[in-house]
Amino acid sequence: MRLNDSRWIAYWYISIGIGFVLLAIYNAMIGGKLWLIGIRLIIAAGFAFLGWMDLRAKSKQRR
C-alpha cells in the first residue's frame, strides 16, 4: 500500500460517517436530544461527502 493512495483516505472518511450515523441511531433509541442527533447526522453527511469527493477525484485522475 502506498502512502499517497488517497482511496484509503476516502474509505476512512466514509467509515467515520457510518460511525456517526450509528451513534445518531443509538442516541435516538435511548431518547437523546433531537438537536444532538441532527448534528451527528450532519457530521455524518459531511464525512460521507468528503469520501465521495475524494473517490470521485481519484477516479477522474486515473482516466
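Up top is the structure these notes are about.
Here we summarise the structure given alongside this text.

Conventions and cut-offs
- Residue numbers here run from 1 along each chain, matching the order of that chain's written sequence.
- Local features in a predicted model are, by the rule used here, given only for residues with pLDDT of at least 70; side-chain atom pairs are given and counted only at 80 or more, and totals for whole chains, interfaces and linings are based on all residues.
- Side-chain measures here rest on the full set of heavy atoms in the structure, leaving out hydrogens and waters.
- Strands here mean DSSP runs of E at least two residues long; helices mean DSSP runs of H or I at least four residues long; both are numbered from the N terminus.
- Using a 1.4 Å probe on the protein chains alone, a residue whose accessible area is under 20% of its type maximum counts as buried, one over 50% counts as exposed, and one in between counts as partly exposed.
- Pairs of residues are marked as contacts when any of their non-hydrogen atoms sit within 4.5 Å.
- Each accessible area value is a Shrake-Rupley result obtained with a 1.4 Å probe; residue values ignore everything except the protein chains displayed when judging cover.
- Pairing of aromatic rings covers Phe, Tyr and Trp, the last through its six-membered ring, and needs centres within 6.5 Å; plane angles under 30 degrees mean stacked, over 60 mean edge-to-face, and all others mean tilted.
- Under the convention used throughout, the expected extent of a helix is 1.5 Å for every residue step, that is, one less than its residue count.

What follows concerns the overall build of the protein chain. The helix and strand inventory of the protein chain stands at two helices and zero strands. In the protein chain, buried positions account for 16% of the 63 residues. A fraction of 68% describes how many contacts in the protein chain between residues 6 or more apart in sequence connect residues 24 or more apart. Summed over its atoms, the accessible surface of the protein chain is roughly 5,000 Å², and 71% of this surface lies on carbon and sulfur atoms.

In total, this model carries four aromatic pairs according to the counting rule given. Centre to centre, the rings of Tyr 13 and Phe 47 are 6.3 Å apart; their planes meet at 35°, and the pair counts as tilted. Of this pair, Tyr 13 sits in helix α1 (residues 7–29) while Phe 47 is found in helix α2 (residues 34–62), placing the two residues 34 residues apart along the sequence.

With that settled, consider the environment of Gly 46. The topology assignment puts Gly 46 in helix α2. Here Gly 46 falls in the partly exposed class, since its relative accessible area comes to 30%. Spatially, the C-alpha atom of Gly 46 lies 9.9 Å from that of Ile 16, the residues being 30 residues apart in sequence.

Right, let's get into α1. An ideal rise of 1.5 Å per residue puts 33 Å on 23 residues; α1 measures up with 33 Å between its terminal C-alpha atoms. For α1, the set of buried residues is Ala 10, Gly 17, Ala 24 and Asn 27.

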